[in-house]
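# Observations on the model geometry
Next come the chains, spelled out residue by residue.
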Amino acid sequence: EPEVTQTPSHQVTQMGQEVILRCVPISNHLYFYWYRQILGQKVEFLVSFYNNEISEKSEIFDDQFSVERPDGSNFTLKIRSTKLEDSAMYFCASRTSADEQYFGPGTRLTVT
Amino acid sequence: QKEVEQNSGPLSVPEGAIASLNCTYSDRGSQSFFWYRQYSGKSPELIMFIYSNGDKEDGRFTAQLNKASQYVSLLIRDSQPSDSATYLCAAEVSQAGTALIFGKGTTLSVSS
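Residues numbered from 1 in each chain as written. Chains lettered and ligands numbered in written order. Predicted model: local features only at pLDDT ≥ 70, side-chain atom pairs only at ≥ 80, totals over all residues. Heavy atoms only, no water.

## Here we look at the pattern of salt bridges
- Overall, the coordinates contain seven salt bridges over all chains when judged by the stated rule.
- Glu3(B) serves as the salt-bridge partner of Lys42(A), at 3.6 Å between the closest nitrogen and oxygen. Here Lys42(A), found in the loop between β4 (31-37) and β5 (43-50), pairs with Glu3(B), found in the segment before β1 (4-6), and the two come from separate chains.
- Exposure remark for Lys42(A): the relative accessible area of 24% places this residue in the partly exposed category.
- On the basis of relative accessible area, Glu3(B) is assigned to the partly exposed category, the value being 27%.
- We note a salt bridge from Asp83(B) to Arg37(B), for which the minimum N-O separation is 3.8 Å. Remark: Arg37(B) occurs in strand β4 (residues 32-38) and Asp83(B) occurs in the loop between β8 (71-76) and β9 (85-92); sequence separation between them is 46 residues. This pair shows no difference in class: Asp83(B) is buried, exactly as Arg37(B) is.
- If you follow the salt bridges from partner to partner, you end up with Arg37(B), Glu45(B), Arg60(B) and Asp83(B) in one network. (Salt bridge = Lys/Arg side-chain N within 4 Å of Asp/Glu carboxyl O. Helix = DSSP H or I, 4+ residues; strand = E, 2+ residues; numbered from the N terminus. Buried < 20%, exposed > 50% of the residue type's maximum accessible area, 1.4 Å probe, protein only.)

## Section: the side chain of Ser58(A)
All names here are of chain A.
- Locating serine 58 in the fold gives a position in the loop between β6 (53-57) and β7 (65-68).
- Owing to a relative accessible area of 18%, serine 58 belongs among the buried residues under this scheme.
- Among the polar contacts made by the side chain of serine 58, one reaches the main-chain carbonyl oxygen of phenylalanine 45 at a distance of 2.8 Å. (Polar contact = N/O pair within 3.5 Å; in protein donor to acceptor, adjacent residues only side chain to side chain.)

Below you can see the structure in the form of structure tokens.
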């Protein structure tokens, strides 16, 4: 069964450094998403991406964040200058034109 | 502010019992609603979604939606210890991008 994959599973970085989180959505899916979950808190929407552009973003997704689909398979989330409060699990999700969003296993980002 | 509210629990039921999980949402424009299961340290796993008033059954799971009351529920029949997890209710709150807004989740514990 096709799955969303994410790399790395765990990323440790120093405050102020740039990080890129990578996702490979399910191959025939058209909509792509990033969510984050701070430890012990709820899953929060960051951004959605369709037809090679951002279709919606939350207040969390400020100028420090960017997304890109550099080729036909990868979908990336870049954080330009990480802060301590960016430490969280980051989930990529994808879906077809139907409703269901399927989540990847997540990347645990630790900012020290 | 669009919100999805859930009782955090824990909800404890014996093996074989019916577990009832509830969720309310604030945005009357929400069209589709989703139940995800999340094991500790893992990503959300889709159980089922519902967009029409009434009941929708899938195996041991039944989702119920009442748009007039802005209420969604999930029933788990014949609960098993492996059902012990946090159950996340999510609402799709926009037409563009179809972001999901999540509740904090209800922790279910099924004792054998």
